[in-house]
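Residue-level structure breakdown
Now for the letters of each chain:
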Amino acid sequence: MADLLRLTAEEEAMLAGAEGPGVRRAMEIVVALARIYGATELAPITHAQIAGVSYKNIGDAGLAFLNDWANEGARVRVPTTLNPMGMERGKWQAWGIRRDFAVPQLSVVDAFIKMGVTPTLSCTPYLFAGHRPRRGDVLAWAESSAVAYANSVIAARSNREGGPSALAAAIVGRTARYGYLLDENRRANWIVEVRCPVRSVADFGALSYIVGKAVGNGVPWFVGLEGLHAASAEEAFGVGALKTLGAGLAAYGAVALYHIAGVTPEARDLGEQLIRPDAKRLVIESLDEAYRVMDADPELRRIDLVTIGCPHASLEEIREVAEYLRGKRLATRLWVTTGQITREEAAGLGYVAEIEAAGGEVVADTCAVVAPMHMLDVRSMATNAGKMACYAPMHSDVKMRFGDLAACLEAAVTGEWRG
Ligand code: F3S
């Protein structure tokens with residue numbers, strides 16, 4: 001195949017090693033991907049989000065790779081944030097996480113910090129001031145739920161980068177211009193007609209299961225979701241619902257972009273011209289089948305851990321939990337997982353103290369998928385998040401109940417799933 005890629009003089013120099021071996025290695029990765037995907041040029045990026053941070057997932061080989069790169073002098077040249085790691089910085093000893101996990105985990109984060117990455121340790125960079133992209137920004141994000149959010153809700157542009165490719169893009173400040181960076185690939189190839197009510201965060205997770213399984217890596221165009229008169233998608237559905245929809249579409253399928261007719265920014269501006277003429281149609285009459293599958297262990301009663309906040313909880317979601325728990329006492333563990341930045345805001349408003357008074361934890365830096373849950377003696381979980389219901393049984397070897405927030409919090413208060 002002919003090489004279509006044209007590099008600027010500066011990019012050629014980086015590739016030749018003029019800025020050192022760390023930059024050369026990064027440019028080699030970016031250029032290799034550009035050639036694989038037939039890109040004609042590189043695009044400057046405004047931000048990068050790096051996944052593959054938990055020592056549980058990357059192990060010693062990943063740590064050695066990062067240390068090598070940092071020692072070669074690689075430094076990021078755009079604001080770059082980090083996904084969750086495998087534990088909370090200040091709590092791992094109390095949780096019973098072993099030193100042979102914790103010490104290398106902290107070294108992973110140190111390697112990223114050495115390269116200039118901001119250790120937000122959260123999958124929701126778009127919730128943090130100074131890191132929320134603007135419409136049209138080109139990003140190199142590796143967290144699939146965040147990619148779906150940025151592309152769909154904010155109308156920024158990112159492909160689903162891998163952990164190393166997002167870091168490489170951050171080091172050279174560019175990514176290959178292909179895929180969802182191009183207008184043509186942002187058109188919908190599935191019309192998803194929703195004919196049943198979709199109200200709670202769990203409902204949006206159930207919807208994501210059905211659609212993700214059907215469309216794979218397609219671009220769905222939703223019709224039938226209410227919210228046409230709101231000023232923005234976030235106002236129409238709430239950040240929690242949109243987070244979980246994108247996360248589930250990316251987990252059960254490989255969706256990186258969806259549109260909601262009349263609501264998300266590109267759908268609002270371009271209308272139905274954004275739908276390909278050959279788009280397929282999916283009609284959803286009920287979410288029942290999704291609940292049956294996602295609520296994977298219907299016999300399970302005893303819950304070791306109720307986990308809320310996948311993707312990491314927004315301030316509004318933490319407030320809801322705090323209000324529900326006011327004056328109550330928990331019978332089992334509850335984690336509300338979020339970023340440090342959001343937890344500090346929640347603490348300032350008294351929500352963290354209310355959740356702790358009930359016996360729950362607002363956990364930062366990690367989640368129940370990327371933490372080594374076997375070391376915490378957690379064998380059963382309940383959640384209202386579609387992606388958590390998908391990944392935790394596989395990655396953390398737990399049994400799972402799935403339902404709405406009230407059912408999850410009731411399980412936290414009683415210690416049992418009553419549904
Ligand atoms: Fe975030 Fe963990 Fe869910 S990284 S998207 S809370 S699986």
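Residues numbered from 1 in each chain as written. Predicted model: local features only at pLDDT ≥ 70, side-chain atom pairs only at ≥ 80, totals over all residues. Heavy atoms only, no water.

Regarding its fold elements, the protein presents 17 helices and 15 strands. What you see for the protein is a C-alpha radius of gyration of 21 Å, in line with the 22 Å of a compact globule of 419 residues. The C-alpha extent of the protein, read off along each of the three principal axes, is 65 × 55 × 35 Å. Here the protein holds 419 residues, and the buried ones make up 59% of them. Residue pairs at least 24 apart in sequence account for 77% of intrachain contacts in the protein once pairs closer than 6 positions are excluded. Carbon and sulfur atoms provide 51% of the accessible area of the protein, an area that totals close to 16,100 Å². Separation of charge centres in the protein, based on 43 positive and 49 negative side chains, amounts to 1 Å. (Helix = DSSP H or I, 4+ residues; strand = E, 2+ residues; numbered from the N terminus. Rg over C-alpha atoms; globule rule 2.2 N^0.38 Å. Buried < 20%, exposed > 50% of the residue type's maximum accessible area, 1.4 Å probe, protein only. Contact = heavy atoms within 4.5 Å. Areas by Shrake-Rupley, 256 points an atom, 1.4 Å probe, with all protein chains shown as cover. Lys, Arg positive; Asp, Glu negative; His and termini not counted. Charge placed at Lys NZ, Arg CZ, Asp CG, Glu CD.)

With that out of the way, let us pick up the nonpolar core. The biggest cluster of nonpolar side chains holds 128 residues, and the ones touching the most others in it are Leu167, Leu207 and Phe222. When residues of this core are assigned to their parent elements, the largest contribution, eight residues, is made by helix α8 (residues 201-215). With residues near it in sequence (within four places) discarded, Leu207 still touches Val194, Val198, Phe222, Leu225, Leu245, Ile284 and Leu287. (Core = buried A, V, L, I, M, F, W, Y, C linked by side-chain atoms within 4.5 Å.)

Before going further, it helps to examine the environment of Leu325. Mapped onto the elements of the fold, Leu325 is located in helix α13 (residues 315-325). Note: C-alpha distance between Leu325 and Glu410 (85 residues apart in sequence) is 9.4 Å. Beyond its immediate sequence surroundings of up to four residues, Leu325 is in contact with Leu330, Leu334, Ile355, Ala358 and Val413.

Before going further, it helps to examine the site of the ligand. With respect to spatial proximity, the complete set of residues near the ligand consists of Pro84, Cys123, Glu143, Ser145, Gly309, Cys310, Pro311, Cys367, Val369 and Lys387. Residues that form the shell around the ligand fall into these classes: six nonpolar, two polar and two charged. Both domains that furnish three or more residues to the shell around the ligand are identified here as domain 1 (9-182) and domain 3 (295-414). (Near = heavy atom within 4 Å. Nonpolar A, V, L, I, M, F, W, Y, C, P; charged D, E, K, R; others polar. Domains from an automatic or database assignment.)

Glancing now at the domain arrangement of the protein. Structurally, the protein comprises domain 1 (9-182), domain 2 (187-291) and domain 3 (295-414). A separation of 27 Å is found between the C-alpha centroids of domain 1 and domain 3. Taken together, the 26 residues of domain 1 in the interface contact 27 residues of domain 3. The largest share of the area that domain 1 buries against domain 3 comes from Lys56, Glu88 and Trp95, three residues that together contribute 30% of it. On the surface where domain 1 and domain 3 come into contact, there are four salt bridges. (Buried area = accessible area lost by both parts, 1.4 Å probe. Salt bridge = Lys/Arg side-chain N within 4 Å of Asp/Glu carboxyl O.)

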